[in-house]
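# What the coordinates show
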Amino acid sequence: RRTGVWTPPRQLNVITVMGGAELDFRDARFGPGVTEVNVFALMGGVEIIVPPNLHLEVNGLAIMGGFDQRAHTLGHPTDASAPVLRIGGFALMGGVDVKVRLPGEGAFDARRREKVARREIHRIKRGR
């Protein structure tokens, strides 16, 4: 488990076998450029929490499991030196779950915020 203020390496390998890992990047200090997280999850899971202002790329393969990105972060960075978090890997009967949360925000508050945002999007689409 990695939370709080920390500096992730340029390449981080995460291996879980019948267990779990949590990586919280909300207070992480990224260097410029790409930071890669390579995940191997065998009958286990990895939860990755990122802030909404971080450019994120998720691409992985899952067999009898899943790679899930529930919320969206910013699009492509306009600054070439802006930090990018690239998450990839393999999950067999396990999963990788990428969630976007504000700093200090708990799971319940994040779900409530996302629900309000979805309602607002639907209201705008309907023209009300």
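Attention in this report is confined to the structure presented alongside it.

About the criteria used
- Residues numbered from 1 in each chain as written.
- Predicted model: local features only at pLDDT ≥ 70, side-chain atom pairs only at ≥ 80, totals over all residues.
- Heavy atoms only, no water.
- Helix = DSSP H or I, 4+ residues; strand = E, 2+ residues; numbered from the N terminus.
- Buried < 20%, exposed > 50% of the residue type's maximum accessible area, 1.4 Å probe, protein only.
- Contact = heavy atoms within 4.5 Å.
- Pairing = 2+ DSSP bridges.
- Axes fitted to C-alpha atoms, helices over the stretch in contact; angles between N-to-C directions.

## Notes on the environment of Gly65
Counting through the fold element by element, Gly65 comes out in the loop between β5 (55-63) and β6 (66-69). A residue is classified by how much of its surface remains accessible, and Gly65, at 45% relative accessible area, is partly exposed. Here the alpha-carbon distance between Gly65 and Ala28, two residues 37 residues apart in the chain, equals 28 Å. For Gly65, the contacting residues outside a window of four places in its chain are Met93 and Gly94.

## Points about the sheet that holds β6
Overall, parallel pairing links the four strands, which are arranged β2-β4-β8-β6 in an open sheet. Of all the strands in the sheet, just β2 (20-24) and β6 have a single pairing partner and so form its edges. Averaged over neighbouring strand pairs, the angle between their axes works out to 10 degrees when direction is ignored.

## Quick look at unusual backbone geometry
Non-glycine residue Met18 carries a positive phi angle of around 50 degrees. Note on placement: Met18 falls in the loop between β1 (11-17) and β2. Judged by its relative accessible area of 62%, Met18 falls in the exposed class. Phi is positive for Met93, close to 55 degrees, though the residue is something other than glycine.

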